[in-house]
Every structure is written in structure tokens, then in C-alpha cells.
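# Residue-level structural notes
Here is how the chains run, residue by residue.
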Amino acid sequence: WNLLCRPEWSERLAQLLGPNLLLWRSQVFLKPPGAPEITWHQASVYLSEEAYKCTLFPSNINELFQLTTWVAFDDVDYDNGCLQFIPGTQRQIHVTQLGGGDSESFAKAKVKLDIKVDNDKVANMIMEPGEFVIFTERCVHGSPPNVTKDRRRWGMAFRTILPDCLVYGKDVIKHN
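Summarised in this report is the structure supplied together with it. (Residues numbered from 1 in each chain as written. Predicted model: local features only at pLDDT ≥ 70, side-chain atom pairs only at ≥ 80, totals over all residues. Heavy atoms only, no water.)

## Concerning the environment of Glu-137
With respect to the helices and strands, Glu-137 occurs in the loop between strand E9 (132-136) and strand E10 (141-143). We classify Glu-137 as buried; its relative accessible area is 1%. C-alpha separation for the pair Glu-137 and Gln-42, spaced 95 residues apart in sequence, amounts to 6.1 Å. Side-chain polar atoms of Glu-137 contact the side chain of Thr-136, separated by 3.2 Å. (Helix = DSSP H or I, 4+ residues; strand = E, 2+ residues; numbered from the N terminus. Buried < 20%, exposed > 50% of the residue type's maximum accessible area, 1.4 Å probe, protein only. Polar contact = N/O pair within 3.5 Å; in protein donor to acceptor, adjacent residues only side chain to side chain.)

Written out as C-alpha cells, the structure is:
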């Protein structure tokens, strides 16, 4: 909580979403040596770890409603599986298909996007411990495998939404 409340983060989030913010989820991402890739995906398509049902129900799906702040706890580079982004993909929601794998876990679901990837335009997020990146739920992202023998990639994501966004369905009470 203290990390997310730091002005370096909270002020940037407020510039994008407005002054009323709600932290709805945090998640640790540990990618040990030998861990596989995380395929290209948009959080707006699945918005859950289950890959097949929505978790967030914004009042307007066409407006910005969720941001992810991802902070590095280790040195992060291509070899240990840095985050990667495809610039410009936040402009639309792309069609997603499950390509096999485990449908109970997004990380193992082998999601396939209906999108052509130009590897020359992929942005690799090389980071030092304490550095962070903020991105929208629509930005296509993923990460290569950790091909190192002895270096993990450890980070944490904080997901911030607008208070009028329902979490876990229509039967949930709105946040005020």
C-alpha cells in the first residue's frame, strides 16, 4: 500500500484516471529460471486469471477504466523475461482465442491474439529494481521465457480502477 501511495505513482495514476482511484488487486509475478513465455494478451479481454470470464465491468468499456503499475524487484532484462509491449495496440480490443493449454490459468492458457506482431516495433522494458511502468488494460503485452540458469525475474503489479467499475460481476455492490 505504501508503494502505491507514493506520489511518483499516485499522481501519475490520477493524471490518467482522475482523483478517485480504487486498488482492486495486486499480484506478485515471479519468473524463475526456465519459466516459459507469457503469450501476447490484453488484460481488457480476460481481466482475470481464469482467461474465460470477465472480472471487471466498467461503466463505459470505451473509456480508460483500469491501469496496471508493474514494479521491478530484480534487475529485469530480455534474458530473464522482461515485459514487452506492442506500441499503439491500446487503441482497440483485439480478438482473443484460447490456443490450448490449461483454461483454469491464464499463464498456461496459451492465448492467441488476432494481431500481427512486428518484432522490430516491440518495446522491451529493461528495468532496474524500483523502476516501474504504468499501462492500460488494452495495451498488448507479454514476456519472453526466462532463459537464464540462475536469475529470476520478480515484480509486482498493482491494478487500479475507477470506483464505478464493478468487480466480479453485476451482483457486487458498487464502490463509492
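## Quick word on the nonpolar core
By size, the foremost hydrophobic cluster in this structure holds 11 residues: Trp-70, Ala-72, Val-76, Cys-82, Leu-83, Phe-85, Met-127, Val-133, Phe-135, Cys-139 and Ala-157. Only strand E4 (66-72) and E9 provide two or more residues apiece to this core. With residues near it in sequence (within four places) discarded, Cys-139 still touches His-41, Gln-42, Phe-85, Ile-86, Thr-89 and Gln-90. Among the nonpolar cores identified, the runner-up in size contains 8 residues, and Leu-4, Leu-67, Met-156 and Phe-158 belong to it. (Core = buried A, V, L, I, M, F, W, Y, C linked by side-chain atoms within 4.5 Å. Contact = heavy atoms within 4.5 Å.)

## Some details on the sheet that holds strand E5 (residues 84-85)
Read from one edge to the other, the open sheet built from 4 strands follows the order E2-E10-E5-E8, with strand pairing classed as antiparallel. The strands lining the two open edges of the sheet, one partner per strand, are strand E2 (38-41) and strand E8 (123-124). Judged from the 2 bridges that link them, E2 and E10 form a sheet pairing that is antiparallel. In the sheet register, Ile-38 faces E10, and the bridge partner there is Ser-143. (Pairing = 2+ DSSP bridges.)

The analysis is restricted to geometry; functional conclusions fall outside its scope.
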